[in-house]
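Single-letter residue listing:
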Amino acid sequence: MSELLQISPSWSRRAGACFGVREASLAGVVIVEDAGAQSLGPALHAVEAALVQLVDEPLPATPAGQSADERLVTLHTWLQCAIQRQSRIALTTVFHVQRQDRQHVQEPAPAGASTFHVCLPAATMKPARIAMAWATRLFNRLASGQAPDAARERDAIHEELKEFANPGLNTFNVLSAAHELDVPVQVVAKYTLVLGTGARSRWMESSLTDATPAIGMRMANSKHTTARVLRAAGLPGGDNHLVRSAHAAMQAAHQLGYPVVVKPMDLQQGTGVSADLRDDAAVAQGFALARDASPNVLVEKWAPGFTHRLTVFNGRVIRVTRRIAGGVFGDGVTSVAALVQLQQQNALLQRGMRRTGRVLLELDAEAHDLLLQHGKTAAEVPRAGEYVRLRRRDNVSAGGTNESVPLQQTHPDNLQLAVDAAALLRLDFAGVDLIMEDIRQSWFDTGALICEVNGQPQLGTSSEPKIYHQILRELLGDDCRIPARLLICTDGDAPRELALQRLLREGESSGISSPAGLWIDGRLATGPFADGFAAAQALLRRTDVRNATCLMTISEVDRMGLPLAQWDRIDMVNRAAMVAHDAVMVARVTAMARPHQAMRERA
């Protein structure tokens, strides 16, 4: 039996924007076999029903008059992008699907088939190819009447794509927000992003920015130093001791008074942390755990309460969350053991188990120890609403949960405390971890402990995606783009040199790029580049450029795409000569560039 959807073998990747796709792209041909002869209605219905179960994004709208075969290819293209986004590979949402006329079809196709030129965003080639092959197999199985298991299909493709995911949730969410806000993005290193262009651009790496001070980060990376600095400023920093042995840890615990916390001095996310330790044996065990994670171990006086993460950005708190250690809440009817079994079935713990390969919350030795410590047993029935803690650390990786706390429910004194702690370390972003029972009450009245100031905090979650939009708008201001013009000239060194000299004589641009180098305010500032695309990207990254003109040849644009997705002007120098040389290339480049700015001719 033939397959309904076929993918042409010759797909090409462009590093720049084209056909309305605002980032690197993959372009080729999709063939819908026998589109005119067979009814596509049942196949299309099966595909749409399956996609609703597979992808947590709304299906693309169906424009008036869109044919069934074009709708099928549109959904196929959309699915490839959506499944990558859900595998934490940030991609823009724009793609291009265009029916090819029979007389212009370059790929061989069966009689009666329809062919479509497709261009879709592709951060890198390999995951795009994997997603394309998976989506094609899925569509053809659905069209043939098979009904694949949606959850199994989704888990399988996520597993296959996970090695290509953006590094860290912050990077993925910042990239996604930039795409949604149409902010130009360049990746200058694996983790470092340039947001915006020229003098209006900013650097960001996770939640670090080009304004984050190295000294403040160094202090924040040492919990021992942070606590000393906070206490010296009159803020509630931890009372702790740096220890080198289990014996020294026990001595410190006696000096501070039980209960205590033992933790690495320089690690995040709760790695190696043991909290609420109440005897020497527990401290020795906690020291061994912390020492396995880091050579620098702290013993700190334990403080009761929940850990509240107050995220500070540019002098104000933008988000508050409460971390609840792994445990259960009583209902007055069910035993602790039964509550744990019920808790293990919730979606968060199930995802954690799939991610880590282990059960994050169970009645193990740690849980029984905490029950015994508080005079409880697994058979006991907690009263309704009573919280029974079963983990010593409260991180999600240990079975904990995070819940959002509205800013208006956080006492103003506690908000100001977080702002003051961040300002003390001169941090633009900071995650201030405040331990207290009730965030609605002032820390002056109830007491509190700042156990950590994280200089590179996780800024948001999937439930709060718009926080990244808010951050980028504040970071970049109203306009993150400098004026930019693309000048496309005929191939060859001589035409490019003539165009460059004309630009230099005109003196209209503070920055000009060419393979020969970059000119800043009329002076040559760099050595040569491999091509006009690389030169343009280098120019658009420079903070001393107030407006830019980028010079590329037509074959460079055809081969690599546009180095920026939105231009104030795109000019073609001597279009008539280009058409005479290669009319097909001129038509293709015009179609590629038109969505990114109306074309202009220049004599």
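Just above sits the structure.
Definitions and cut-offs
Residues numbered from 1 in each chain as written. Predicted model: local features only at pLDDT ≥ 70, side-chain atom pairs only at ≥ 80, totals over all residues. Heavy atoms only, no water. Pairing = 2+ DSSP bridges. Helix = DSSP H or I, 4+ residues; strand = E, 2+ residues; numbered from the N terminus. Axes fitted to C-alpha atoms, helices over the stretch in contact; angles between N-to-C directions. Contact = heavy atoms within 4.5 Å. Buried < 20%, exposed > 50% of the residue type's maximum accessible area, 1.4 Å probe, protein only. Polar contact = N/O pair within 3.5 Å; in protein donor to acceptor, adjacent residues only side chain to side chain. Salt bridge = Lys/Arg side-chain N within 4 Å of Asp/Glu carboxyl O.

S.K.: How would you explain the sheet that holds strand 13 (residues 297-301) if you had to name every residue and give the values?
M.R.: Picture the strands of a sheet paired through backbone hydrogen bonds; they go either parallel or antiparallel. Overall, antiparallel pairing links the 4 strands, which are arranged 10-13-11-12 in an open sheet. Here the strands that pair on one side only, and so sit at the sheet edges, are strand 10 (240-243) and strand 12 (274-277). Across this sheet, the average inter-strand angle for adjacent strands is 20°, counted without regard to direction. Strand direction decides the pairing type here: strand 11 (residues 260-264) and strand 12, joined by 2 bridges, are antiparallel. In the strand pairing of strand 12, valine 260 is matched with leucine 277. The sheet strands contacting helix 7 (residues 223-232) are strand 10, strand 11 and strand 13, and the helix crosses strand 10 at an angle near 150°.

S.K.: Outline helix 17 (residues 532-541), listing residues and values.
M.R.: Across the 10 residues that make up helix 17, a large majority, 7, are buried. Of the positions making up helix 17, those classed as buried are Gly532, Phe533, Ala535, Ala536, Ala538, Leu539 and Leu540. In this structure, the buried side of helix 17 is in contact with strand 6 (185-187), strand 22 (511-514), strand 23 (517-520), strand 25 (548-553) and helix 18 (554-560). Two to three positions downstream of the cap, the backbone nitrogen of phenylalanine 533 sits 3.1 Å from a side-chain oxygen, assigning the N-cap of helix 17 to aspartate 531.

S.K.: Report on the pattern of salt bridges, specifying residues and quantitative values.
M.R.: Across all of its chains, the model carries 31 salt bridges by this definition. Note that arginine 383 is salt-bridged to glutamate 386, the shortest N-O span being 3.4 Å. For glutamate 386, a relative accessible area of 12% translates into the label buried. Of the charged contacts in the structure, one is a salt bridge between arginine 546 and aspartate 521, with a shortest N-O distance of 3.1 Å. Pair noted here: arginine 546 is in the loop between helix 17 and strand 25 and aspartate 521 is in the loop between strand 23 and strand 24 (523-524), with a separation of 25 residues, a long-range link. Assessed through its relative accessible area of 48%, aspartate 521 is described here as partly exposed.

S.K.: Please set out the sheet that holds strand 8 (residues 202-205) residue by residue, giving values where relevant.
M.R.: One open sheet holds the 4 strands; their spatial order is 6-7-8-9, and the pairing between them is antiparallel. Because the sheet does not close on itself, it has two edges, and the strands there are strand 6 and strand 9 (208-209). Here 3 bridges tie strand 6 to strand 7 (residues 193-195), and the two strands are oriented antiparallel to one another. When the sheet's bridge partners are listed, valine 185 is paired in strand 7 with leucine 195. Along the sheet, helix 15 (residues 466-476) makes contact with strand 7, strand 8 and strand 9, crossing strand 8 at roughly 145°.

S.K.: Run through the pairing of strand 15 (residues 316-324), naming residues and quoting values.
M.R.: Counted residue by residue, strand 15 has 8 buried out of 9 residues, so it is predominantly covered. Pairing of strand 14 (residues 306-313) with strand 15 involves 7 bridges; the strand directions are antiparallel. Looking at the pairing, valine 312 lines up with valine 317 of strand 15. Taken together, strand 14 and the strand that follows it, strand 15, pair antiparallel across an intervening segment of 2 residues, in which asparagine 314 is found at a positive phi of about 50°. When strand 15 meets strand 18 (residues 401-404), the two strands line up antiparallel, connected through 4 bridges. Along strand 18, the bridge assignment pairs threonine 321 with serine 404.

So yeah, pure geometry; function would need other evidence.
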